[in-house]
Amino acid sequence: MSRFAAPSSDRRTRGRDIASLTAASPALPRKPVGRATRRGLVVGAVAVMLTAPGAPAGAAPGDPEVGGATVNSGHDVVVGVTRNVRFPVTVTGSDDPGLVFADVDLKGPHGGFYTTDAFCETTTACTTVFTVNAHPAPGSDDPVDLANANAGTWSVDALADLGNGESVFAPGVGSFGLKRAARLTVDAAPEPVAKGARITVTGKLVRADWDTYRYAGYAGQAVRLQFRPKNSSTYITVATVNTGGTGSLRTTVKAVKDGCWRWNFTGTRTTGPARTAGDYVDVRP
């Protein structure tokens, strides 16, 4: 499990730089207890497949390497305001001498920081599980949570213990997106409608506000209005509409045939995607 706290200054271990843990999270002794994890840290206030090279600076050819990481099975980590979000991070490396244990740090905008660790399930892979949230937890040992400023691109650092007793540190082994959840509504009216008449399609786009623990209107965003004819499985984009100051959406279209209308928001660097179910409109001759 992981929680929020500010990372301290860097320290050096075995001749290699690593991001230190704060005094609030003392390291536990490493012993073979399966995939146990150590309590970590997160400040202020996630993903994508990661394959960036992560060998330590100055490594000689043939040295063991941490080759990459996979976060949340290759998907963005999207967080709302009421529930914890758990996701895996798998660090991969060379088989000889093989991975034994890994400390994994996640670093984000404005001091965002999570850390945890795990014993490796194979000699080439170590999987840790992170828990993030954006809701208050009174009375818990996790008093600090995500803030809006932490949304965006995060990086992954890994310190891996090897089967020969040495360690390899891989700073910036990859990057991923930690995003605020979005929601959309839709209403197409009137229903039914005469063929050739105008249909008004309205809706609202909101996103998680990690500072207030509520959803708030997302202004100035391009949202696609899409139509799926009756007996079809394919939506076609009819128009693109920008949200108003409160996240509101409104446009009119001509009624041509029976079918479903929906809004589709593809997301931004800091906000996840959202789309509505289709609102069916019966068009009569």
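Residues numbered from 1 in each chain as written. Predicted model: local features only at pLDDT ≥ 70, side-chain atom pairs only at ≥ 80, totals over all residues. Heavy atoms only, no water.

## A few points about the side chain of Gln221
Then, number 1: Its place among the elements puts Gln221 in the loop between β15 (214-217) and β16 (222-229).
Then, number 2: Gln221 gets classed as buried once you look at its relative accessible area, which sits at 16%.
Then, number 3: Within the structure, Gln221 has its side chain in polar contact with the backbone oxygen of Ala219 (distance 3.2 Å). (Helix = DSSP H or I, 4+ residues; strand = E, 2+ residues; numbered from the N terminus. Buried < 20%, exposed > 50% of the residue type's maximum accessible area, 1.4 Å probe, protein only. Polar contact = N/O pair within 3.5 Å; in protein donor to acceptor, adjacent residues only side chain to side chain.)

## Some words on unusual backbone geometry
Then, number 1: With omega at 15°, the peptide bond leading from Asp96 into Pro97 counts as cis.
Then, number 2: In this structure, Pro190 follows Ala189 across a cis peptide bond, with omega equal to 0°.
Then, number 3: By secondary structure assignment, the location of Pro190 is in the loop between β12 (182-189) and β13 (193-194).
Then, number 4: Phi at His110 takes a positive value of approximately 55°, unusual for a residue other than glycine.
Then, number 5: Looking at the element boundaries, His110 is found in the loop between β7 (99-107) and β8 (113-119).
Then, number 6: What makes His110 exposed here is its relative accessible area of 67%.

## Some thoughts on the nonpolar core
Across soluble globular proteins, nonpolar side chains have a tendency to be buried as a group.
Then, number 1: Leu106, Leu146 and Trp210 are the most contacted members of the largest nonpolar core, which totals 33 residues.
Then, number 2: Residue assignment for this core shows that the elements contributing at least two residues are β4 (66-71), β5 (77-79), β6 (85-93), β7, β9 (125-132), β10 (152-162) and β11 (167-180).
Then, number 3: Counting 21 residues, the second-largest nonpolar core is a separate cluster that includes Leu205, Val253, Trp261 and Ala274. (Core = buried A, V, L, I, M, F, W, Y, C linked by side-chain atoms within 4.5 Å.)

## With respect to the state of the cysteines
Joining two cysteines, a disulfide is a covalent bond between their sulfur atoms.
Then, number 1: Applying the stated rule across the entire model yields one disulfide.
Then, number 2: Disulfide partner of Cys120: Cys126, at an S-S distance of 1.7 Å. In this structure, the disulfide formed by Cys120 and Cys126 twists by about 70° around the S-S bond and is classed as right-handed. No difference in accessibility class separates Cys120 from Cys126, as the two residues are buried. (Disulfide = S-S within 2.5 Å.)

## Thoughts on the pattern of salt bridges
Then, number 1: All chains considered together, the criterion is met by three salt bridges.
Then, number 2: Across the salt bridge formed by Lys107 and Asp157, the nearest N and O atoms sit 2.9 Å from each other. Of this pair, Lys107 sits in strand β7 while Asp157 sits in strand β10, and the two are 50 residues apart along the sequence.
Then, number 3: Given the relative accessible area of 6%, Asp157 is considered buried.
Then, number 4: As a salt-bridge pair, Asp282 and Arg284 come within 3.0 Å of each other at their nearest N and O atoms.
Then, number 5: Looking at Asp282, the relative accessible area reads 25%, which means it is partly exposed.
Then, number 6: Given the relative accessible area of 46%, Arg284 is considered partly exposed. (Salt bridge = Lys/Arg side-chain N within 4 Å of Asp/Glu carboxyl O.)

## Overview of the pairing of β10
Each regular strand shows side chains that alternate between the opposite faces of the sheet.
Then, number 1: The element β10 is extensively covered by neighbouring structure, given that nine of its 11 residues are classed as buried.
Then, number 2: Both β7 and β10 contribute to a ladder of eight bridges, which runs antiparallel. Residue pairing across strands places Val104 opposite Ala158, the latter belonging to β10.
Then, number 3: When β10 meets β11, the two strands line up antiparallel, connected through nine bridges. Each bridged residue has a counterpart across the sheet, and for Leu159 the counterpart in β11 is Phe169.
Then, number 4: Counting the residues between successive antiparallel strands, the hairpin from β10 to β11 contains four residues, one of them, Gly165, with a positive phi of roughly 90°. (Pairing = 2+ DSSP bridges.)

## Quick look at the sheet that holds β7
Then, number 1: One open sheet accounts for five strands, arranged β5-β11-β10-β7-β8; its pairing is mixed. Of all the strands in the sheet, just β5 and β8 have a single pairing partner and so form its edges. Each strand of the sheet is rotated relative to its neighbour by a mean of 25°, with strand direction disregarded. (Axes fitted to C-alpha atoms, helices over the stretch in contact; angles between N-to-C directions.)

## Considering the side chain of Thr131
Then, number 1: Assignment of secondary structure puts Thr131 in strand β9.
Then, number 2: At 3.4 Å, the side chain of Thr131 forms a polar contact with the side chain of Arg86.

## Structural notes on the confidence of the model for the chain
Then, number 1: Confidence in the prediction of the chain, expressed as mean pLDDT, is 81, and 75% of residues score 70 or more.
Then, number 2: This model gives residues 3-62 a pLDDT under 50, and the stretch forms 166 contacts once residues within four places in sequence are excluded. (pLDDT = per-residue confidence, 0-100. Contact = heavy atoms within 4.5 Å.)

## As for the packing of aromatic side chains
Then, number 1: Counted by the stated rule, this structure contains six aromatic pairs.
Then, number 2: Relative to Trp154, the ring of Tyr114 has its centre 5.8 Å away and its plane inclined at 40°; by these criteria the two rings are tilted. Taken together, the positions of Tyr114 in strand β8 and Trp154 in strand β10 put the pair 40 residues apart, joining distant regions of the chain. No difference in accessibility class separates Tyr114 from Trp154, as the two residues are buried.
Then, number 3: Between Trp154 and Phe176, the ring centres sit 6.1 Å apart and the planes meet at 35°, which makes this aromatic pair tilted. Of this pair, Trp154 sits in strand β10 while Phe176 sits in strand β11; the two residues are 22 residues apart in sequence, bridging distant segments of the chain.
Then, number 4: Classification of Phe176 by relative accessible area gives buried; the value is 2%. (Phe/Tyr/Trp six-rings, centres within 6.5 Å; stacked < 30°, edge-to-face > 60°.)

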